[in-house]
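# What the coordinates show
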Amino acid sequence: MSCVKTRNILAKVCLLGDGEVGKTSLIRKFVLDQFRDEYIATVGTKVSKKNLELTFPKYDTKLNMTLTIWDILGQRDFSNLHTSFYSGGSGALLVCDLTRKDTLESLNQWIENLFETTGEIPIIILGNKCDLKDDHQVTKDEVSALARNYHTVFMYTSAKTGENVQFTFKSLGTKIFETKYL
Ligand code: GTP
């Protein structure tokens, strides 16, 4: 008979990317299962909490992960961004808007900036607004190339329809557990 261990883990997750790519909307969809169309710029930093239950039959482990999810105004001026936003980060979601190519191009700088404070931590690249198919300026190959550069994966998400939103946070939670706690 196998004995399932339950572990409680606290993880800090940061959402990074330029303004209006959908960071706040993704968090809102994940935490509250809600979406709104109007844009309200994030002022300063917002922290939300959500519990994630993950099971790992392979390791006979059940995980109760409490995520603290950090959201900031997606400013381009990185010098203004306080390192305390990143510090203690267990993982990050790097978000671009598939309808604006420049938001993909600046993800390199977001990642480098993050790793300067945290070292290499688990990240996932998100191509958000996948519901706006007719307006996409970015190809899957381009998003995939960036992800490969950083030895990670990418996902297409929509905060509007909810596509891949739960899956994204669960995947990041899994990556955090496997790199930090095994
Ligand atoms: P900052 O606070 O400036 O950093 O912006 P943000 O990255 O938090 O973006 P936010 O979530 O405020 O979304 C910006 C706009 O895009 C809003 O009007 C949202 O309704 C819209 N939006 C966000 N995600 C999606 C999506 O997946 N699909 C569509 N169609 N619209 C989205």
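Above this text is the structure in question.
So, here is what we can say about the structure in this document. This structure is a prediction, so every number in the text was calculated from the model and none was measured. (Residues numbered from 1 in each chain as written. Predicted model: local features only at pLDDT ≥ 70, side-chain atom pairs only at ≥ 80, totals over all residues. Heavy atoms only, no water.)

Our focus in this paragraph is the overall build of the chain. A tally of regular secondary structure across the chain gives five helices and six strands. In sequence order, the chain lays out its α and β elements as β-α-β-β-β-α-α-β-α-β-α. Taking 182 residues into account, the globule formula puts the C-alpha radius of gyration at 16 Å, and the chain, at 16 Å, falls close to it. C-alpha atoms of the chain, sized along the principal axes, occupy 55 × 35 × 30 Å. Of all 182 residues assigned to the chain, the portion counted as buried reaches 45%. A fraction of 74% describes how many contacts in the chain between residues 6 or more apart in sequence connect residues 24 or more apart. Accessible surface for the chain amounts to roughly 9300 Å². Of this, 49% is attributable to carbon and sulfur atoms. Distance between charge centres in the chain, computed from 23 positive and 22 negative side chains, equals 8 Å. (Helix = DSSP H or I, 4+ residues; strand = E, 2+ residues; numbered from the N terminus. Rg over C-alpha atoms; globule rule 2.2 N^0.38 Å. Buried < 20%, exposed > 50% of the residue type's maximum accessible area, 1.4 Å probe, protein only. Contact = heavy atoms within 4.5 Å. Areas by Shrake-Rupley, 256 points an atom, 1.4 Å probe, with all protein chains shown as cover. Lys, Arg positive; Asp, Glu negative; His and termini not counted. Charge placed at Lys NZ, Arg CZ, Asp CG, Glu CD.)

Attention now goes to the pattern of salt bridges. A full pass over the atoms with the stated rule returns six salt bridges. Between Glu142 and Lys101 there is a salt bridge; the shortest N-O distance is 2.6 Å. Taken together, the residues Glu142 in helix α4 (residues 140–149) and Lys101 in helix α2 (residues 101–105) connect sequence positions 41 residues apart. On the accessibility criterion, Glu142 (28% relative accessible area) is partly exposed. Residue classification places Lys101 among the partly exposed positions, given a relative accessible area of 29%. Connected through shared salt-bridge partners, Asp97, Arg100 and Lys129 make up one network. (Salt bridge = Lys/Arg side-chain N within 4 Å of Asp/Glu carboxyl O.)

With that settled, consider the nonpolar core. Among the nonpolar cores identified, the biggest contains 26 residues, and Leu15, Met65, Leu67 and Phe169 are the most heavily contacted of them. Looking at this core, the element that brings in the most residues is helix α5 (residues 165–180), giving five residues. The residues touching Leu15, leaving out its near neighbours within four places in the chain, are Lys23, Leu26, Ile27, Ile69, Trp70, Ile72, Phe85, Leu93, Val95 and Phe169. Formed by 25 residues, the second largest nonpolar core is a distinct cluster that contains Leu16, Ala92, Cys96 and Trp110. (Core = buried A, V, L, I, M, F, W, Y, C linked by side-chain atoms within 4.5 Å.)

Let's shift gears to the sheet that holds strand β6 (residues 154–157). Taken in spatial order, the six strands make up an open sheet running β2-β3-β1-β4-β5-β6, and their pairing is mixed. Edge positions in the open sheet fall to β2 (45–56) and β6, since each of these has one partner strand only. Strand-to-strand twist in this sheet, taken as the mean axis angle between neighbours without regard to direction, amounts to 25 degrees. Where β2 and strand β3 (residues 61–72) come together, 12 bridges link them in antiparallel fashion. Residue pairing across strands places Val47 opposite Trp70, the latter belonging to β3. Most of the contacts of α4 go to β6, to which it runs at about 140 degrees, and overall it touches β5 (123–128) and β6. (Pairing = 2+ DSSP bridges. Axes fitted to C-alpha atoms, helices over the stretch in contact; angles between N-to-C directions.)

A separate point is helix α1 (residues 23–32). Among the residues making up α1, those that are buried are Lys23, Leu26, Ile27, Lys29 and Phe30. In an axial view of α1, the angular spread of the buried residues amounts to 160 degrees, which keeps them on one side of the axis. Just downstream of α1, Asp33 is the residue with a positive phi angle, here 55 degrees. (Arc of directions from axis to C-beta.)

Shape is all these values report; function is a separate question.
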